[in-house]
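# Commentary on secondary and tertiary structure
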Amino acid sequence: MSLLQFSHLELGLAGFTALLFLIVLLYCLVLYRRPWRLRSQQPAMKQDLSSCPSVSVVVYAHDNEESLEKHLPALLNQDYPDFEVIVVNDGMSEACSNRLSLFKRDYPYLYYTFIPKEARYISKKKLALTLGIKAARHQVILFTEADCEPMTANWIRAMISSYQKKTGIVLGYASYPYQKGWMNKLIAYDNLKFGLQYLSAALLDHPFSGSGKNLSYTKSLFFKNKGFYNQLFLKIGEDSQFIDEVATAQNTVVNYSPDALVKKEEYYRLKKWSQERIGLISTRSHARKRFYRLFLFENLCYWLFWIAVIASVVVGCMGNFLLSVYAGLLFIAYYIIKGYYFMQSSRMLAQKISFISFFPLDVADNIYSLYLDIVSCFKKKQNYVFLIEK
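Here's what I pulled together on the structure shown here. None of these values were measured; they are calculated from a predicted model. (Residues numbered from 1 in each chain as written. Predicted model: local features only at pLDDT ≥ 70, side-chain atom pairs only at ≥ 80, totals over all residues. Heavy atoms only, no water.)

### A look at a nonpolar patch on the surface
On the surface, Leu26, Leu29 and Val30 cluster together into a nonpolar patch covering about 230 Å² of accessible area. Note that valine 30 resides in helix α1 (residues 8-32). Using a relative accessible area of 37% as the deciding quantity, one classes valine 30 as partly exposed. (Patch = residues over 30% accessible without salt bridge, like charges linked within 9 Å, V, L, I, M, F, W, Y side chains within 5 Å. Areas by Shrake-Rupley, 256 points an atom, 1.4 Å probe, with all protein chains shown as cover. Salt bridge = Lys/Arg side-chain N within 4 Å of Asp/Glu carboxyl O. Helix = DSSP H or I, 4+ residues; strand = E, 2+ residues; numbered from the N terminus. Buried < 20%, exposed > 50% of the residue type's maximum accessible area, 1.4 Å probe, protein only.)

So this is what it looks like as structure tokens:
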């Protein structure tokens, strides 16, 4: 039998594998590569501080004294002429109150309040953010959380530099730089992948999500859109759902320059990260924009590509072995190209993923994402519908 003779089955598998290869490759080249390719177009940080607007920084805290003590100084010591920091605490233990009082002595522009534990009938986080926004004295507001801190003293200046005449929203990125142990590696990779998705979507003029750990929008935009009124029945969504509702190609920009990054606190249990991801997945059905479905289609094509490659290798081994070689080369080419751009993006976003760990991490993350999708189907109501406490 000639090496150039293929059966109809072999030709069909070769064509199907090539088609899927082109689809998943386009995701790498058009979507995941975009933030890295456009990195030089990030807004330059303003050097003339006299022209910078006054800023309010709203920090959501979950009654954790250690996080406040560890991360709040990085916010309070920002190199910016006129800003205030408003900490809204979900509950207020005596330890947290004492710690914030001590900070207040040294930083008079620090303000704090709290949500009583008895608060009901609304998501406490949304209530906390609403109180913080109402208390803000300035039009431009930056949002982060007590378990995060800016990576440089120029975070406020970098994020505010993104504002132009029509800008109402600035999407930032929250890095997860920890690489010790496979759990941290998996969380970092999952965080990177989701970050590249919403950043690339915004760069393509289709903003659909963001991270409340590094986000900015104006006070007028919040009240013009009635705040969180349209999602009061959701436990979460104060960042992703709100961005989905109000963000447009005209009023939204992104900033992932080195000075605009914040870093998250290390997670010590995968369960905590999984709960956050499941909650985010569960609310997708309420999204007004449908751009996120493009990434759901990618997940489908990814697994079909694996199936096509495996089937081609098996059939090739039983028939024309060139089919096996062909499928294997496509598989290797895909991972080399994807690995290269993901590693470049990870370095750009302060998450250094090694080439050696990329392949197992990518496979593990796709399995993990599939698991989260399945789990979210069974825990949907529990995760996103707000049940009134009696």
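### Comments concerning the sheet that holds strand β3 (residues 110-115)
Two orientations exist for strands paired in a sheet by backbone hydrogen bonds: parallel and antiparallel. Here seven strands make up an open sheet; going across it, the order is β3-β2-β1-β4-β8-β6-β9 and the pairing mixed. On the outer flanks of this sheet lie β3 and β9 (252-254), each paired with one strand and no other. Within the sheet, the average angular offset between the axes of one strand and its neighbour, ignoring direction, is 20°. Direction of pairing for strand β4 (residues 140-145) relative to strand β8 (residues 215-218): antiparallel, over a ladder of four bridges. (Pairing = 2+ DSSP bridges. Axes fitted to C-alpha atoms, helices over the stretch in contact; angles between N-to-C directions.)

### Quick look at the pairing of strand β1 (residues 55-61)
Among the seven residues of β1, seven are classified as buried, and the element is accordingly described as predominantly covered. Pairing of β1 with strand β2 (residues 83-90) involves seven bridges; the strand directions are parallel. Paired with tyrosine 60 across the two strands is valine 88, which belongs to β2. In this view, the connection linking β1 to its parallel neighbour β2 by way of helix α3 (residues 65-76) has right-handed handedness. Alignment of β1 against β4, held across six bridges, turns out to be parallel. Paired with valine 58 across the two strands is phenylalanine 143, which belongs to β4. (Right-handed = clockwise from strand over helix to strand, strands pointing away.)

### Observations concerning the nonpolar core
Counting 69 residues, the largest nonpolar core has Ile169 and Tyr217 as the members making the most contacts within it. With residues up to four places along the chain from it excluded, the contact list for isoleucine 169 reads Leu215, Ser216, Tyr217, Leu221, Ile243, Val246, Ala247, Asn251, Thr252 and Val253. Counting 31 residues, the second-largest nonpolar core is a separate cluster that includes Phe83, Val87, Leu110 and Val170. (Core = buried A, V, L, I, M, F, W, Y, C linked by side-chain atoms within 4.5 Å. Contact = heavy atoms within 4.5 Å.)

### Details of unusual backbone geometry
At lysine 226, a position not held by glycine, the phi torsion is positive, near 60°. With respect to the element layout, lysine 226 can be found in the loop between α8 (219-224) and α9 (240-246). Owing to a relative accessible area of 61%, lysine 226 belongs among the exposed residues under this scheme. One non-glycine residue, alanine 350, lies in the positive phi region at around 65°. Tracing the sequence through the fold places alanine 350 in the loop between α12 (321-348) and α13 (355-378). On the basis of relative accessibility, which here comes to 24%, the residue alanine 350 falls in the partly exposed class.

### A word on the pattern of salt bridges
One pass over the structure, following the stated rule, counts eleven salt bridges. Here aspartate 147 makes a salt bridge to lysine 213, at a shortest N to O gap of 3.2 Å. Of this pair, aspartate 147 sits in the loop between β4 and β5 (148-150) while lysine 213 is found in the loop between α7 (182-203) and β8, placing the two residues 66 residues apart along the sequence. When its relative accessible area of 15% is taken as the criterion, aspartate 147 is described as buried. The partner of arginine 284 in a salt bridge is aspartate 373, with the nearest N and O atoms 3.2 Å apart. Separated by 89 residues along the polypeptide, arginine 284 in the loop between α10 (270-282) and α11 (293-318) and aspartate 373 in helix α13 bring together distant segments of the chain. A residue is classified by how much of its surface remains accessible, and arginine 284, at 25% relative accessible area, is partly exposed. Beyond isolated ion pairs, a larger network of salt bridges with shared partners links Lys125, Glu145, Asp147, Lys213 and Glu238.

Purely spatial values, then, with no claim about function.
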